2 protein chains.
Amino acid sequence: MKLQNDLLLRAAKGEHVERVPVWMMRQAGRILPEYREVRAQAGSFIALATTPALAAEVTIQPVDILKTDAAIIFSDILVVPEAMGLPYEMVEAKGPIFPKVIQSKKDIDLLKVSDPETDLGYVLEAIDIVKKELNGRVPLIGFAGAPFTIFCYMVEGRGSKTFSTAKKMLYSQPKLAHLLLQKITDSTIYYLKAQTRHGADLLQIFDSWAGILSPEQYRKFSLPYIAQICNAIDEVPVTVFAKGAFFARKDMAKLNCNVVGLDWNMDIKESRKMIPNKTLQGNLDPCVLYGSFKDIEKETKKMIKAFGTQRYIANLGHGVYPDTDPEKVKCFFETVKTYSV
Amino acid sequence: MKLQNDLLLRAAKGEHVERVPVWMMRQAGRILPEYREVRAQAGSFIALATTPALAAEVTIQPVDILKTDAAIIFSDILVVPEAMGLPYEMVEAKGPIFPKVIQSKKDIDLLKVSDPETDLGYVLEAIDIVKKELNGRVPLIGFAGAPFTIFCYMVEGRGSKTFSTAKKMLYSQPKLAHLLLQKITDSTIYYLKAQTRHGADLLQIFDSWAGILSPEQYRKFSLPYIAQICNAIDEVPVTVFAKGAFFARKDMAKLNCNVVGLDWNMDIKESRKMIPNKTLQGNLDPCVLYGSFKDIEKETKKMIKAFGTQRYIANLGHGVYPDTDPEKVKCFFETVKTYSV
């Protein structure tokens, strides 16, 4: 089906756009009262993510309410370890907890390379529903975590500022780490390809914990696996967003992907120079949306001026914070749409 | 009193050294069983930090046990807000919690600019004891948090990945933020000057949360206050360590300080180019110390080769992790001492 609004895809491919497309990481989430209602109905975050009809509903909410230029499937990067055989719980105010973690070769052997159609069918079913309901209004973004970020959770067992337990394995048992990373990568490629078969129009890889590695470790333990994924996907455009990996921007330019996401630490003009051949996405500090409407307009305009209106997808530099006023988000979106023409 | 080992001070001032000096952030702490004994005797972290004889004892332990080229006074950056009238508690496995936080001008007015001799006398007394006991063996490093990092805790009330509550004030009430930052800066300058009067031979400013700001916000809300401190201290050399502020390295070169600390995300040769006129300190990934002795030697040598042996102070890129084997730390120290001659 032909998309009515394909700005995101054209920008991703480097084609001319009439105005800058805009969406927002975590747009389907706690900022919207409509989301919180469905979330309450589901009973838990995991119940919501694993019930296709409800996941589809919250995926579409921001398209209707915030007028985003794309939907992103409501899910979690940790569904992949779960599908591989390592389940997690979402603990209120604490985040994800894995009761079992990976410590040995035997632990890795017991994991399987997941089959998306059976192990992650609930996400694919949600994609089916979303595609039908969107009916071509805007593109749908699919996603997965980068193998290194997934590795962090599978070894550490929970969120952490340092992920020192996970990093310990990189230094003390590098072969074991590579074995696990490869298994995650294989699962992720199958999963992302399945998402495109079900209709995802663009895929984003989130390397949320990229910033805890040294440049050298990042080149050893993260980039090669992201590269494998980028090389395996030729169905749709791919975005790589590695938060904190300012030091890897020149490497990103060499990846077989279309779009590179920036966080707000990364200077826009410097990043354009380092990644001249890709579309860039980002990078407003989510905290700007705590400011006045006037300041949001000012900061958004400044950002667009620095990026320019072509080869650019407007977004925040990270997920929107849950206590953000949706009216402030609308102000951000409207500023992009009117200023970037 | 003339120091027997003044390598750190000579390196800081850019003078020739026979070998690279080495110490380690958080060297006085949980890695040492001897520390854990004194900590148990004190009953709590805060009791330990506020009992001069015990704080002095754990300050000197790493000099004796690990043969560091400097002692760093055992204390906490949060003693400054406490001295200003905002007390905190240290909650096991959670970190610092401030029962009251700063939200309004009235809250700021109720804070005082602290007088170190009365409000922080226990730190100064610990410095007196350490200086006497060290008896000139190695220099003593004093320290304080950078005003922005202290601000983060005073507004957020606890540790956080995003410090979004604290950052909210920067965007929504910038004048209020500047008022608080100035009051913290004034307190910090008095405090650091008092440390030098009592014998601190070098001062380090820790901007632990620098990395959560955009380059523009960092230049507005952190750098000017660090610059004020650097300009106010002319008694001893000053080190600025702003974790995550890779984007501010060129600005660091312009500060009136002697040493700039690097974290392990920052490429060494690139940083030398950006900060050509200062001594650099750092930057081994603390996780390297989880590796084998052989790998620790290899990584340490690689680091020294990249920094060179002059205008350089060897250290980790962040505090040592508490579960690190002291034998691995010794291996790091010995490698620096033998390889950098």
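Keep in mind that this is a model prediction, so the values were computed, not measured.

Asks: Just checking my understanding: could you explain the overall build of chain A for this structure?
Replies: Scanning chain A from terminus to terminus reveals 17 helices and nine strands. Taken over the C-alpha trace, chain A has a radius of gyration of 19 Å; the compact-globule value for 341 residues is 20 Å, and the two agree within 12%. In chain A, buried positions account for 55% of the 341 residues. Restricting the contact set of chain A to residue pairs at least 6 apart, pairs at least 24 apart contribute 75%.

Asks: Would you mind going over the relation of the copies chain A and chain B with me for this structure?
Replies: For the pair of chain copies, the relating operation is a rotation around an axis with a shift along it. With an RMSD of 0.0 Å, the fit of chain A onto chain B corresponds to turning through 180° and sliding 0.0 Å along the axis. When the rotation and shift are considered jointly, the pair of chain copies conforms to a two-fold rotation axis. It is Lys161 of chain A whose C-alpha, among those of chain A, lies nearest the rotation axis, at 3.5 Å. Taken together, the interface assignments show that 100% of the residues at the interface of chain A recur at the interface of chain B, consistent with an identical surface on both copies.

Asks: Before we go on, may I ask you to explain the sheet that holds strand β5 (residues 202-207) of chain B in this structure?
Replies: The strands that make up a sheet are held in pairs by hydrogen bonds between backbone atoms, and each pair lies either parallel or antiparallel. All names here are of chain B. With respect to topology, seven strands assemble into an open sheet ordered β1-β4-β5-β6-β7-β8-β9, the strand pairing being parallel. Because the sheet does not close on itself, it has two edges, and the strands there are β1 (71-72) and β9 (312-316). Both β5 and strand β6 (residues 238-242) contribute to a ladder of five bridges, which runs parallel. Looking at β6, one finds that Asp207 is bridged to Ala242.

Asks: Mind showing me how you'd approach the interface of chain A and chain B here?
Replies: Accessible area lost on assembly of the parts is the figure often given for the size of an interface. On the side of chain B, 22 residues touch chain A, which itself brings 22 residues to the contact. Considering each element in turn, the side of chain A that touches chain B owes the most residues, five residues, to helix α10 (residues 164-172) of chain A. Grouping the amino acids of the side of chain A that touches chain B by side-chain chemistry returns nine nonpolar, seven polar and six charged.

Asks: How do you make sense of the sheet that holds strand β8 (residues 279-284) of chain A when you look at a structure like this?
Replies: All names here are of chain A. The strand order across the open sheet built from seven strands is β1-β4-β5-β6-β7-β8-β9, with neighbouring strands paired in parallel fashion. Taken across any chain shown, the strands that pair with only one partner, and hence form the sheet edges, are β1 (71-72) and β9 (312-316). Across five bridges, strand β4 (residues 140-145) lies against strand β5 (residues 202-207) in parallel orientation. When the bridges of β5 are listed, Gly145 appears paired with Phe206. Most of the contacts of helix α16 (residues 293-307) go to β8, to which it runs at about 155°, and overall it touches β8 and β9.

Asks: Sorry, what's going on with the pairing of strand β8 (residues 279-284) of chain B here?
Replies: Looking along a regular strand, one sees the side chains alternate between the two faces of the sheet. Residues and elements named next belong to chain B. When you tally the buried positions in β8, you get six out of six residues, the bulk of the element. With three bridges connecting them, strand β7 (residues 259-261) and β8 associate as parallel partners. Opposite Gly261, over in β8, you have Gln281 as the bridge partner. What joins β7 to β8 is helix α15 (residues 268-274), and the crossover it makes is right-handed. Alignment of β8 against β9, held across five bridges, turns out to be parallel. Within β9, the residue paired with Leu284 across the bridge is Leu316. Each parallel crossover has a hand, and the one from β8 via helix α16 (residues 293-307) to β9 is right-handed.

Asks: What should I look at first to understand helix α11 (residues 174-197) of chain B in this one?
Replies: What sets the pattern is the α-helix's 3.6 residues per turn: residues three or four places apart point alike. Its 24 residues place the ends of α11 of chain B 34 Å apart at the C-alpha level, agreeing with the 34 Å of an ideal helix rising 1.5 Å per residue. Looking one or two residues past α11 of chain B, Gly199 of chain B carries a phi angle of roughly 125°, positive in sign.

Asks: Could you clarify how one ought to interpret unusual backbone geometry in this entry?
Replies: Outside of glycine, negative phi angles account for most residues, and trans bonds account for most peptide bonds. All names here are of chain A. With omega at -15°, the peptide bond leading from Gly282 into Asn283 counts as cis. Relative to the helices and strands, Asn283 resides in strand β8. Its identity is not glycine, yet Phe163 carries a phi of approximately 45°, on the positive side. Turning to its location among the elements, Phe163 is positioned in the loop between α9 (147-156) and α10.

Asks: Would you mind showing me how to read the packing of helix α9 (residues 147-156) of chain B against helix α10 (residues 164-172) of chain B here?
Replies: Packed helix pairs are characterised by how far apart their axes lie and by the angle those axes make with each other. Residues and elements named next belong to chain B. Where α9 meets α10, the axes come as close as 7 Å, and the angle between the chain directions of the two elements is 105°. What the angle tells us is that α9 and α10 run roughly perpendicular. In this structure, α9 uses Phe151, Cys152, Val155 and Glu156 to contact α10, whose residues at the interface are Thr165, Ala166 and Met169. In the contact of α9 with α10, the residues fall into five nonpolar, one polar and one charged.

Asks: Help me understand the environment of His16 of chain A, please; the structure alone is not making it clear to me.
Replies: Residues and elements named next belong to chain A. Position of His16 relative to the elements: it lies in the loop between α1 (7-12) and α2 (33-42). Owing to 9 C-beta atoms within 10 Å, His16 belongs among the exposed residues under this scheme. With 75 residues separating them in the primary sequence, His16 and Val91 have C-alpha atoms 45 Å apart.

Asks: What should I look at first to understand helix α4 (residues 52-65) of chain B in this one?
Replies: All names here are of chain B. For α4, which comprises 14 residues, the first-to-last C-alpha distance of 20 Å matches the rise-based estimate of 20 Å (1.5 Å per residue) to within 8%. Along α4, the residues classified as buried are Ala55, Ala56, Glu57, Val58, Thr59, Gln61, Pro62 and Val63. Considering only its buried residues, α4 is in contact with α2 (33-42), α3 (45-50), β1 and α8 (121-134). Within two residues after α4, Lys67 carries a phi angle of roughly 60°, on the positive side.

Asks: Just to check I follow, could you spell out the environment of Asn231 of chain B for this structure?
Replies: Residue and element names in this part refer to chain B. Topologically, Asn231 is positioned in helix α13 (residues 223-232). Given 13 C-beta atoms within a 10 Å radius, Asn231 is considered partly exposed. Linking Asn231 and Arg311, residues 80 residues apart in sequence, is a C-alpha distance of 21 Å.

Asks: Help me out: how do you make sense of the packing of α11 of chain B against α13 of chain B in this one?
Replies: All names here are of chain B. One can describe the packing of α11 onto α13 by two numbers: an axis separation of 10 Å at closest approach and a directional angle of 25°. On the basis of the axis angle, α11 is roughly parallel to α13. As for the relative orientation of α11 and α13, their crossing is right-handed in sense. Contacts between α11 and α13 involve Leu181, Thr185, Thr188, Ile189 and Leu192 from the former and Tyr225, Gln228, Ile229 and Ala232 from the latter. Across the contact of α11 with α13, the residue classes break down as six nonpolar, three polar and no charged.

Asks: I'm lost on the pairing of strand β4 (residues 140-145) of chain B in this one. Help?
Replies: Residues and elements named next belong to chain B. Here β4 lies mainly inside the structure; six of its six residues are buried. Side chains Leu140, Gly142 and Ala144 project from β4 onto one buried face, and the interleaved Ile141, Phe143 and Gly145 project onto a second face that is buried too. The pairing of β1 with β4 spans two bridges and is parallel. When the bridges of β4 are listed, Ala71 appears paired with Leu140.

Asks: I tried to follow the confidence of the model for chain A on my own but got confused; where do I start?
Replies: In low-pLDDT segments, the atomic positions of the prediction should not be examined closely. Per-residue pLDDT for chain A has a mean of 97; in total, 100% of the residues score no lower than 70. Per the prediction output, this complex has pTM 0.95; the corresponding ipTM is 0.92.

Basis of the calculations
Residues numbered from 1 in each chain as written. Chains lettered and ligands numbered in written order. Predicted model: local features only at pLDDT ≥ 70, side-chain atom pairs only at ≥ 80, totals over all residues. Helix = DSSP H or I, 4+ residues; strand = E, 2+ residues; numbered from the N terminus. Rg over C-alpha atoms; globule rule 2.2 N^0.38 Å. Buried ≥ 20, exposed ≤ 12 C-beta atoms within 10 Å, placed from the backbone. Contact = placed C-beta atoms within 7 Å. Least-squares fit on C-alpha atoms with pLDDT ≥ 70 in both. Pairing = 2+ DSSP bridges. Nonpolar A, V, L, I, M, F, W, Y, C, P; charged D, E, K, R; others polar. Axes fitted to C-alpha atoms, helices over the stretch in contact; angles between N-to-C directions. Right-handed = clockwise from strand over helix to strand, strands pointing away. Expected span 1.5 Å × (residues − 1). Parallel < 35°, antiparallel > 145°, perpendicular 65-115°, else oblique. Left-handed = near helix turned anticlockwise from the far one by under 90°. pLDDT = per-residue confidence, 0-100.

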